[in-house]
Every structure is written in C-alpha cells, then in structure tokens.
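Here is how the chains run, residue by residue.
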Amino acid sequence: MRKIIIIFLILFSIFVNAQNEQLANNYFERGEFEKALVSYEDLLKSQPGNMIYFQKTIDCYQQLLQFEKAEKALQDRLDKYKQANLLVELGYNYQLQKNSDKAKKYYDQAIDRIKKNANEVYGVAYTFERKALTDYALQAYQTAANIDSRLNFNFQIAVLYGQKGETELMLETFLNESYQNPQNLPIIQNQLNRFMTEDTNENFNDLLKKALLTRAQKTQDLFWNDFLSWYFIQLKEYGKAFIQQKAIYKRSPDSFANIVNLGQMAMDDKDMEAAKEILTFVLENTNNLELLIEANSYLLEMRIENATEKDYPAITSDLEKLIKEFGISPYTIPLLKLDAEFSAFHLKNVEKAKTILKNALEMDLDKNQIAEIKMELADILLFEEKFNQALIYYSQVNDDMSGSIIGQEASLKTAKTSYYKADFQWASHQLKILKSASTQLIANDALDLFLLISDNTVEDSTQVALKKFARADFLLFQNKKQEALVAFQNILKEHKGEEIEPVTLLRIGKIYEKLGDFTNAIENYSAIINNHKDCIYIDEAYFYSAEIYNEKLKEFEKAKPMYEAIIMNHEDSIYFVEARKKYRQLRGDANL
C-alpha cells in the first residue's frame, strides 16, 4: 500500500510539474514575463539543476531589464557548476546593457576555456549560436579543431559562413568536408539545395557550379562528376547531368544503373528530349536484359504519351516485337504492363489487357511485381466502371505494401475511385490522411483533390457541380478526351460564376494542350488569369501559358511576363523554381 501511495505521489508531482511548465511557457510566449518569471522560479525551486527552467528564468529577468538579478543567478550557477557556456551568458547579459567591453571579457574567457579543454566547445559554441554571436561561434569551433585534430566542425563552420553571407567560404568548407567525409554528403547537399532553391542572390548557383567544375577539372576524381550531376538534377537540367554521368560511365561501367534512373527522372519531369537521349544511350551500351527491357519500356511509354491514333499500329507492332524478342517472364513485367495499359486505354481492348495481366499473376513474381500487376488490373477494372472490383485490388495492394510508395499510390487511387463514384465524404477522409504522405507527388495530388472537394462543397452543399466535374474527370481517366471536353464545357455553361469555374477552365486548357490546340488552351488559361486572380489555380494558369509560349509556340516575349508573374507573386508555388530558371534563360542570364 505504501509503495502505491509513493508511486501515486510521484506521478501526481510529474503531472503538476508538467501543467506548471505549460502555464509558464504560455505566459512567456504571450510576452507576460512577470507571470512567466513567477512560474519558472517555482519550477526551478522544485528542480534546481534543470537547465531549461534556469535559462527561461534568466530570459525573463532580461526581458524585464532585471540585469543584476540575472547576473547574480548566472554567477552563482557558474560558481557551483563551472560550466563554460555560463560565461557566454554572463557576457550576453552585459551586451544587453550596451557594455561591450565587459561582454567581450566574458566571451574571451569562454574561448580560453576551450583552449584548456577542447570538449568545452559544444556548450560554448551552441550558446554563441543561440545568441546569434556568429563570429564568436566560428572562433569557438576553429579553436577546438586546432587544439584537437580528431574534432570535426566543418559542417557547423560552413553553416555559420552561410549565415554571415560569406558564400565562397561556405562553399569551400562544405565541398572540402563532403570529399573528406563522403558519409556527410547527403546532409551537405540538402543544405546546398536550400540555398539553390531559396536563394535571393542569383550568383549562388553559378558559384557552386564553378566550384564543382574547378574541382572536377583539377582532380579528375569521379566524385566531383557525380556531385555535378546532382547539381544539374536539382535544376532539372537532365541533359547536362547526363554529360556528367557519361563521363563517370566511361571510367566506371558499374555506374550504368544511374543513367537509367536519370532517364526516368527526365521522363517524370517531362523533359522528353533528354529522356530519349539518355535511354537511347542505354540501349546502345548494354547487354543487360533487365536494363534493356526497362529502357525500351520507358521509350515506348513516351511514344504512347504523345501518340495520336495514326501512331497506334506502329506502337502495337513494336510492343509485339519486343515481347517476342525478350519473351514472357518476370523480367518483362514492365513491357507486359505497358501492353495491357495500351490495349485498354488506347485500343479499347479491355479483354486482351485483363488476359495479359491475369496470366502475368500466374508467374513466379516477387511482392513488388505482384503489387504492380494488381494496380494495373485495378486501373483497367476502373476503366470498365467496375468500381467495387477495382477497389478490392487497390485495397489488397495498400494492405500488402503498407508504408511503401506503391502502397500510398494505391491508397490515393482508392480515394480517387471514391471521388469518381461521387462518394466525396469517404474520398475526403482518405485524402486528409494522404496529404501528409512521404512522397511529395502523392501528397500534392491528395491535397489538390481534397481542396477541390472541400471548396466546392462549401458553396454548394448538394454538390451538383462537383458530381458533374467528377464524372468529367473520370472520362479523362478513361482517355476519352473529346467526351471529357464536352462535359467540362457544359459545366462552364451550367455553373458560370460558381466556385467550380476556374478549375474547369484549367481542365479544359489541359485537354486542348493534349489535343495540340494551343490557342484554345491559352484562351482558357487567360480566362483564369483575367477573371479569377485570387483562386488557387492562378499559378498553374500562368505556368501552363508560359510553357506553351516558350516550348510550343516559341513566342518567348509572351512567355517572359507569365514566368515573371509566378516569381513576383507566387513564391509558394510548386512551379516557382522552374519558372525562375526559365525566366532567367529567356532574359539571357549568363552561366545558367
């Protein structure tokens, strides 16, 4: 019984402490420092050694300009615990009082403590960084590294150079560290990517490229070619990345799979010219069965993407030749899937498609291959409007591959199937979960569809327009472009001025693009730009218009203001980085 009472009292004490801490934090965040101080002082009495409560107490003293109390508390704690970071805190307390001489005295003492014991750097440098004392933080790291060669603070030093705006020193330090310790390359590239995408100084990308090229030329080390390839991939310049990967391949043939992956990335980002060049190179330079099948599949996929009906016989013939050449086996699953998809969605031969896939499921396949085949089969059942059967297969894939990319994709397709059926409540429930998917593409698609449903439910609780829109979207899924176009145009006539109008214009514009009617596509995008400036589709309207002018019509002067509108007014757009790159190219910026 006594033990139970003791345990109860301990748990109760922890609970009360947590409540008091939350209360203190709330006061502090609201700027009610006197109330926060009382709470933190009480907490500190119960846990005198708690550094968080102590620091918050000092912060309150300083916010209330009670510098003498702060100094006494810091000095007492320094006398007791001898922690070097408290010297930084004492110096900062004087800095807040505009007494820079005394502040410097304590900062120098903290650096001296590092000279005596290099391990003191962790607390001292962190405190300098927290106080935004960048120069002292740099000095702290450099002092420790000079004393003990086993300590490596290159990453922290590079970050601090970046904070100071010393870009060239930052790059030199990051690149040296990446070469000396390749295991740190991913976190260094993540850091550099932030500067590349959030950069307000247009020279940063140029400086990074020059630094990488210089190292590649001087050392002839393939490490730098691979780094350059990564650099060009971040800018979606797949042709230039391919040049680097070719250089690597010539000296290291084992790297061939990287070239195939690069081709797939180029395809995913719709850089068909680079993708075709890369995949053709693959076909010309490998005898590896798996890579040959993969490259042929990707090339055919691109042809199908841009094909018209007159191209169908040639594609059918080429598919049949490849399947005959490579045979029917688990290796040829990519070709078999493509054959099934083409048969169903383009040739409208659903029975042939289902036979191909069901026969494939009879083979000895691994878990991923089974999931891919079932996904394709579900798509074809959905094409036939056999919604429930499609859902069974999507659910099986989701259950079997939970947490993986294909599992999340199956979950998204389940939500889309509910949407096509006009079961918007269930679709929204699923999409709400998928908005935080680990794959950005799936998360973006889920968010777009979730917003479409929610935005068009607020104004029209009966969801009349949304039901028509979902049906038109389903016709698009079935690759019935003309029927979908008529359905969307009817929505425009019947629901003019309603919430559904801008997204309908967007869909119509994309269909006209697919049909090669760029004039009508731009006309619909312009209707969004001119009449729906505040809608969530405005950045897409600008970007799609710019791409047509730039890539299709070669009317570059008309493309420039479209890209510029995204750069100036839509920094949060997923098209921002690409728009900025294209705008600079059109403007004639050097060294892109």
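All figures in this text were calculated on a predicted structure; none of them were measured in a lab.

1. A closer look at the overall build of the protein chain
Within the protein chain, the regular secondary structure consists of 32 helices and 0 strands. Seen along its three principal axes, the alpha-carbon backbone of the protein chain occupies a region of about 85 × 65 × 60 Å. A total of 592 residues make up the protein chain; the buried ones form 48% of that total. Pairs at least 24 apart in sequence give 51% of the contacts found in the protein chain among residues at least 6 apart. In the protein chain, 71 side chains carry a positive charge and 87 a negative one; their mean positions are 3 Å apart.

2. Examining the packing of aromatic side chains
Taken as a whole, this structure holds 35 aromatic pairs when the rule is applied. Look at Phe-387 and Phe-474: their rings are 5.5 Å apart centre to centre, the planes differ by 45 degrees, and that puts the pair in the tilted class. One end of the pair, Phe-387, is in helix α22 (residues 387–400); the other, Phe-474, is in helix α26 (residues 464–477), with 87 residues separating them in the sequence. Under the relative-accessibility criterion, Phe-387 is labelled buried at 17%. For Phe-474, a relative accessible area of 1% translates into the label buried. Ring geometry for Phe-543 versus Tyr-575: centroids 4.5 Å apart, planes at 20 degrees, classification stacked. Linking Phe-543 in helix α30 (residues 538–552) with Tyr-575 in the loop between α31 (556–569) and α32 (576–587), this pair joins segments that are 32 residues apart in sequence. In textbook terms, an aromatic cluster arises when at least three aromatic residues are bridged by ring pairs, as seen for Phe-345, Phe-383, Phe-387, Tyr-419, Tyr-420, Phe-424, Phe-474 and Phe-477. If you follow Arg-77 out to its NZ or CZ, it ends over the ring of Phe-54, 4.3 Å from the centre. Its end group placed over the ring of Tyr-544, Lys-510 keeps NZ or CZ at 4.0 Å from the ring centre.

3. Quick look at the pattern of salt bridges
In this structure the tally under the stated criterion is 36 salt bridges. For Arg-30, the salt bridge is made with Glu-32, and the minimal N-O distance between the two is 3.0 Å. Between Lys-582 and Glu-547 there is a salt bridge; the shortest N-O distance is 2.9 Å. Here Lys-582 is found in helix α32, whereas its partner Glu-547 is found in helix α30, with 35 residues between them in sequence. Glu-547 matches Lys-582 in its accessibility class, with the two residues each being buried. A cluster of three or more residues bridged by salt bridges with shared partners is formed by Glu-547, Glu-551, Glu-578, Lys-581 and Lys-582.

4. Overview of helix α21 (residues 367–383)
Taking 1.5 Å per residue, 17 residues should reach 24 Å; α21 reaches 24 Å between its end C-alpha atoms and fits that length. In terms of burial, α21 is largely enclosed, as 13 of its 17 residues are buried. The opening residue of α21 is Asp-366, an N-cap whose side-chain oxygen sits 3.1 Å from the backbone nitrogen of Asn-368. A positive backbone phi angle near 70 degrees is found at Glu-385, which sits one or two residues after α21.

5. What about the packing of helix α3 (residues 51–63) against helix α5 (residues 85–96)?
Between α3 and α5, whose axes approach to 11 Å, the crossing angle comes to 15 degrees. It follows that α3 is roughly parallel to α5 by the angle criterion. Two packed elements cross with a definite hand, and for α3 against α5 that hand is right-handed. In this structure, α3 uses Met-51, Phe-54, Gln-55 and Gln-62 to contact α5, whose residues at the interface are Asn-85, Leu-86, Glu-89, Tyr-92, Asn-93 and Leu-96. Among the residues making up the contact of α3 with α5, the classes are represented as 5 nonpolar, 4 polar and 1 charged.

6. Some thoughts on helix α10 (residues 167–180)
The first and last C-alpha atoms of α10 sit 20 Å apart over 14 residues, in line with the 20 Å expected at 1.5 Å per residue. Turning to α10, its buried residues number three or more, namely Thr-167, Met-170, Leu-171, Thr-173, Phe-174, Leu-175, Glu-177 and Ser-178.

7. Remarks on empty space enclosed by the protein
Summed over the entire model, instances satisfying the criterion amount to 1 cavity of 30 Å³ or more. Contributing to the lining of the largest cavity are Asn-456, Glu-459, Asp-460, Ala-465, Glu-498, Glu-499 and Ile-500. For the lining of the largest cavity, the class distribution of residues is 2 nonpolar, 1 polar and 4 charged.

8. Things to note about the packing of helix α6 (residues 100–116) against helix α8 (residues 134–147)
Two elements in contact, α6 and α8, have axes separated by 9 Å at closest approach and are oriented at 20 degrees. Between α6 and α8, the angle falls in the class roughly parallel. As α6 runs across α8, the sense of the crossing is right-handed. Here Lys-104, Tyr-107, Asp-108, Ile-111, Ile-114 and Lys-115 of α6 come into contact with α8, specifically with Tyr-136, Gln-139, Ala-140, Thr-143, Ala-144 and Ile-147. Within the contact of α6 with α8, the residues separate by chemical class into 7 nonpolar, 2 polar and 3 charged.

9. Points about unusual backbone geometry
Of note, the phi angle at Gln-220 is positive, near 60 degrees, even though the residue is not glycine. Given the relative accessible area of 47%, Gln-220 is considered partly exposed. Within the chain, Gln-463 stands out as a residue other than glycine whose phi angle is a positive 60 degrees. Within the secondary structure, Gln-463 sits in the loop between α25 (440–458) and α26. For Gln-463, a relative accessible area of 16% corresponds to the buried category.

10. Some remarks on the environment of Gln-585
Mapped onto the elements of the fold, Gln-585 is located in helix α32. Here the alpha-carbon distance between Gln-585 and Asn-205, two residues 380 residues apart in the chain, equals 14 Å.

11. Here we look at the confidence of the model for the protein chain
For the protein chain, the mean per-residue pLDDT works out to 92, and 95% of the residues sit at or above 70. Taken as a whole, residues 3–16 scores under 50 in pLDDT and shows 0 contacts with residues more than four places along the chain or in a different chain.

12. Examining the side chain of Ser-545
Looking at the element boundaries, Ser-545 is found in helix α30. Assessed through its relative accessible area of 0%, Ser-545 is described here as buried. Setting aside residues no more than four positions away along its own chain, Ser-545 makes contact with Tyr-525, Ile-529 and Met-562.

13. Describing the environment of Leu-90
Tracing the sequence through the fold places Leu-90 in helix α5. For Leu-90, a relative accessible area of 0% corresponds to the buried category. The spacing of Leu-90 and Leu-74 is 16 residues in sequence and 6.5 Å in space, taken between C-alpha atoms. Apart from residues no more than four positions distant in its own chain, Leu-90 is found in contact with Glu-71, Leu-74, Gln-75, Leu-78 and Tyr-106.

The rules behind these values
- Residues numbered from 1 in each chain as written.
- Predicted model: local features only at pLDDT ≥ 70, side-chain atom pairs only at ≥ 80, totals over all residues.
- Heavy atoms only, no water.
- Helix = DSSP H or I, 4+ residues; strand = E, 2+ residues; numbered from the N terminus.
- Buried < 20%, exposed > 50% of the residue type's maximum accessible area, 1.4 Å probe, protein only.
- Contact = heavy atoms within 4.5 Å.
- Lys, Arg positive; Asp, Glu negative; His and termini not counted.
- Charge placed at Lys NZ, Arg CZ, Asp CG, Glu CD.
- Phe/Tyr/Trp six-rings, centres within 6.5 Å; stacked < 30°, edge-to-face > 60°.
- Lys NZ or Arg CZ within 6 Å of the ring centre and 35° of its normal.
- Salt bridge = Lys/Arg side-chain N within 4 Å of Asp/Glu carboxyl O.
- Expected span 1.5 Å × (residues − 1).
- Polar contact = N/O pair within 3.5 Å; in protein donor to acceptor, adjacent residues only side chain to side chain.
- Axes fitted to C-alpha atoms, helices over the stretch in contact; angles between N-to-C directions.
- Parallel < 35°, antiparallel > 145°, perpendicular 65-115°, else oblique.
- Left-handed = near helix turned anticlockwise from the far one by under 90°.
- Nonpolar A, V, L, I, M, F, W, Y, C, P; charged D, E, K, R; others polar.
- 1 Å grid on protein atoms, 1.4 Å probe; cavity = no way out; pocket = protein on both sides within 12 Å on 5 of 7 lines; lining within 4 Å.
- Points joined across faces, edges and corners; volume = space filled by probe spheres on them.
- pLDDT = per-residue confidence, 0-100.

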